[in-house]
Structures are given as C-alpha cells and as structure tokens.
Amino acid sequence: METRGGILLEEKEGIYKDRDRSSQSPGQEAKEARPDPEVTARPTRRKLTAEYKLKILAEADACATPGETGALLRREGLYSSYLSRWRRARRREPRPL
C-alpha cells in the first residue's frame, strides 16, 4: 500500500485505486464499470415537420456573413445537403415539404 497526498492507495494488478473515494466493494466497482451490452437494433430517426424545414430555410436565407449558415447547421444538428434538398423541393412544389 502506498500513500499519496494523504490518500491511502491500494495496488491491484498494477493499477492504483483510491480507497478513500470508494466505499463499495471491489466486486460492485467491476459491475458498474462494465458498459451495458444491450444495443438497440436501430436508433430512432428524427421526423422533421414541414414547418420546421421552412423555418430553417428562412433562417438560412437570412444568413449574411460567412460562417453564419454553418453555425445554424451545427446548432440544429443538420447537414448542408438537407438545405439543398429542401430548397430544391421548395422550388419544385408549392406545397409543404
């Protein structure tokens, strides 16, 4: 056992563990450290409404300075190809996207 900065450390398999910070037994630590093996079959996709798309297009069209459109896309978690696709659909059809 070793002490660093007034904290008692215990060496196990070459790794120092802080015994003062953990009040759990080593078995409990190992269970909590393992990642959840459950994997969802497929993440759920976002469903963007026509109102949302038109709002984003209006904001993107209002962007005047360089980088402003990129900031909008990052904020909303969108790709620039979405804007292209939505603009094309807006020109083609007068009805909602």
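Residues numbered from 1 in each chain as written. Predicted model: local features only at pLDDT ≥ 70, side-chain atom pairs only at ≥ 80, totals over all residues. Heavy atoms only, no water.

Colleague: Mind showing me how you'd approach the overall build of the protein here?
Modeller: Looking only at helices and strands, one finds four helices and three strands in the protein. Listing each helix as α and each strand as β along the protein from the N terminus yields β-β-β-α-α-α-α. Burial status across the protein gives 14% buried among its 97 residues. Once local pairs closer than 6 in sequence are excluded, the contacts in the protein between residues at least 24 apart make up 35%. Accessible area of the protein: about 8,400 Å², with a carbon and sulfur share of 51%. (Helix = DSSP H or I, 4+ residues; strand = E, 2+ residues; numbered from the N terminus. Buried < 20%, exposed > 50% of the residue type's maximum accessible area, 1.4 Å probe, protein only. Contact = heavy atoms within 4.5 Å. Areas by Shrake-Rupley, 256 points an atom, 1.4 Å probe, with all protein chains shown as cover.)

Colleague: Would you take a moment to explain helix 2 (residues 50–62) for this structure?
Modeller: Residue pairs three or four apart in sequence face the same way in an α-helix, which turns once every 3.6 residues. Under the 1.5 Å per step criterion, the end-to-end length of helix 2 is 18 Å for 13 residues, consistent within 8% with the ideal 18 Å. Residues Ala-50, Tyr-52, Lys-53, Ile-56, Leu-57 and Ala-60 constitute the buried set of helix 2. Buried residues in helix 2, looked at end-on, bunch into an arc of 160°, giving them a common side. In helix 2, the exposed residues that point more than 90 degrees away from the buried face are Glu-51 and Ala-62. In this fold, the buried residues of helix 2 make contact with helix 3 (68–76) and helix 4 (80–92). (Expected span 1.5 Å × (residues − 1). Arc of directions from axis to C-beta.)

Colleague: Would you mind going over the packing of aromatic side chains with me for this structure?
Modeller: Given two aromatic rings, one states the distance between the centres and the angle between the planes to describe the pair. According to the stated counting rule, one finds two aromatic pairs in the structure shown. When the centroid spacing of 5.7 Å and the interplanar angle of 80° are considered together, the rings of Tyr-79 and Tyr-82 count as edge-to-face. Of the residues examined, Tyr-82 reaches a relative accessible area of 24% and is grouped as partly exposed. Between Tyr-82 and Trp-86 the ring centres are 5.8 Å apart and the planes differ by 15°, which places this aromatic pair in the stacked class. Here the residue Tyr-82 and the residue Trp-86 both occupy positions in helix 4, the gap between them amounting to four residues, near one helical turn. Cluster of aromatic residues (ring-pair linked, three or more members): Tyr-79, Tyr-82 and Trp-86. (Phe/Tyr/Trp six-rings, centres within 6.5 Å; stacked < 30°, edge-to-face > 60°.)

Colleague: Where do I start with the packing of helix 2 against helix 4 in this structure?
Modeller: Two measures define how a pair of helices packs: the angle their axes make with one another and the distance between the axes. One way to put it is that helix 2 packs onto helix 4 with a least axis distance of 11 Å and a crossing angle of 105°. Between helix 2 and helix 4, the angle falls in the class roughly perpendicular. Across the interface between the two elements, Lys-53, Leu-54, Ile-56, Leu-57, Ala-60 and Asp-61 from helix 2 touch Leu-83, Trp-86, Arg-87 and Arg-90 from helix 4. (Axes fitted to C-alpha atoms, helices over the stretch in contact; angles between N-to-C directions. Parallel < 35°, antiparallel > 145°, perpendicular 65-115°, else oblique.)

Colleague: What's the story with the pattern of salt bridges in this structure? I'm lost.
Modeller: Opposite charge on two side chains permits pairing when their charged atoms draw close. What the rule picks out here adds up to five salt bridges. A salt bridge links Glu-59 to Lys-55; the shortest N-O distance between them is 3.9 Å. Placement of both Glu-59 and Lys-55 in helix 2 is noted, with a separation of four residues, approximately one turn of the helix. Judged by relative accessible area, Lys-55 falls into the partly exposed class, the value being 40%. Notably, a salt bridge pairs Glu-76 with Arg-75, separated by 3.2 Å at the nearest N-O pair. Classification of Glu-76 by relative accessible area gives buried; the value is 19%. (Salt bridge = Lys/Arg side-chain N within 4 Å of Asp/Glu carboxyl O.)

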